[in-house]
Amino acid sequence: MEEVPDLIAGLPEPEKLITKRLRSLILDAAPRLQEMISYGVPYFYHYRRVCFLWPASCIPCGMTRPDLLKVTLGFCYGSMLSNEQGLLVAEKRKQVYVVPIYSLSQINERAIVEIVQEAVLLDDEFGKAIKRILRCRI
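Everything in this summary refers to the structure shown in the same document. The model shown is predicted, which means the values in this text are computed figures rather than measured ones.

Enumeration over the complete set of coordinates arrives at three aromatic pairs. A ring pair is formed by Tyr-39 and Tyr-43, whose centres lie 5.9 Å apart and whose planes are at 50 degrees; its orientation type is tilted. The class of Tyr-39 is exposed, set by a relative accessible area of 61%. Take Tyr-43: its relative accessible area is 7%, and that puts it in the buried class. The interplanar angle of 35 degrees and the centroid separation of 5.1 Å between the aromatic rings of Tyr-43 and Phe-52 together place this pair among those described as tilted. As far as the burial class goes, Tyr-43 and Phe-52 line up, both buried. Among the aromatic residues, ring-to-ring pairing joins Tyr-39, Tyr-43, Phe-52 and Trp-54 into one connected group. Of note, Arg-48 hangs over the ring of Tyr-77, and the distance from its end group to the ring centre comes to 3.7 Å. Its guanidinium or amino end placed over the ring of Tyr-43, Arg-49 lies 4.7 Å from that ring's centre, counting from NZ or CZ.

What follows is the structure in structure tokens.
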């Protein structure tokens, strides 16, 4: 089973640098998040999937899109986040919202950390709901 650092090491240089920085921001902002590779990309989760990093070279089915040299930072329940920072876009999705990143200099670290922390708070609420449901069944 491939580990996240191994996957990142195999990325083209621009994507590797962006992905490493975003991964670091996510894990620093929310150290209790676990990471795993799902759908061929890094996902971060606790009670449920919180966010993911999708480098353009990890397009499914071996397709390549050199015109899309970016890394997508996605939030699995992005539609439920405030988006006060104005970075999240729906891209024709109802639930998953993303932040497309084309270069290291484009990363707004403060805003990314805020969004990650809000997503973790939302995940905590989900976890509390699960615990309430389980208590009611006992």
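From this point, the narrative continues.
Okay, the nonpolar core next. Of all hydrophobic cores here, the largest spans 25 residues; its most connected members are Leu-22, Ile-26, Leu-73, Phe-75, Ile-112 and Val-116. Mapped onto this core, the elements with two or more residues apiece are helix H2 (13-29), strand E3 (49-55), strand E4 (71-75), strand E5 (97-101) and helix H3 (109-137). Setting aside anything within four residues of it in sequence, one finds Leu-73 in contact with Leu-22, Ile-26, Phe-52, Leu-53, Tyr-97, Val-98, Val-99 and Ile-112. Leu-11, Phe-52, Cys-58 and Val-98 belong to the second-largest nonpolar core, a separate cluster that totals 10 residues.

Turning to the pairing of strand E2 (residues 41-45), a few remarks are in order. Across the five residues of E2, four count as buried, placing the element largely inside the fold. In terms of strand pairing, strand E1 (residues 34-38) meets E2 through five bridges, oriented antiparallel. By the bridge assignment, Glu-35 is partnered in E2 with Phe-44. In sequence, E1 turns back onto E2 through a hairpin of two residues, with Tyr-39 there showing a positive phi of about 55 degrees. Two strands pair when backbone bridges link them, and E2 and E3 are joined in this way by three bridges, in the antiparallel orientation. Across the sheet, the residue bridging to Tyr-43 is Phe-52, located in E3.

How each quantity is defined
Residues numbered from 1 in each chain as written. Predicted model: local features only at pLDDT ≥ 70, side-chain atom pairs only at ≥ 80, totals over all residues. Heavy atoms only, no water. Phe/Tyr/Trp six-rings, centres within 6.5 Å; stacked < 30°, edge-to-face > 60°. Buried < 20%, exposed > 50% of the residue type's maximum accessible area, 1.4 Å probe, protein only. Lys NZ or Arg CZ within 6 Å of the ring centre and 35° of its normal. Core = buried A, V, L, I, M, F, W, Y, C linked by side-chain atoms within 4.5 Å. Helix = DSSP H or I, 4+ residues; strand = E, 2+ residues; numbered from the N terminus. Contact = heavy atoms within 4.5 Å. Pairing = 2+ DSSP bridges.

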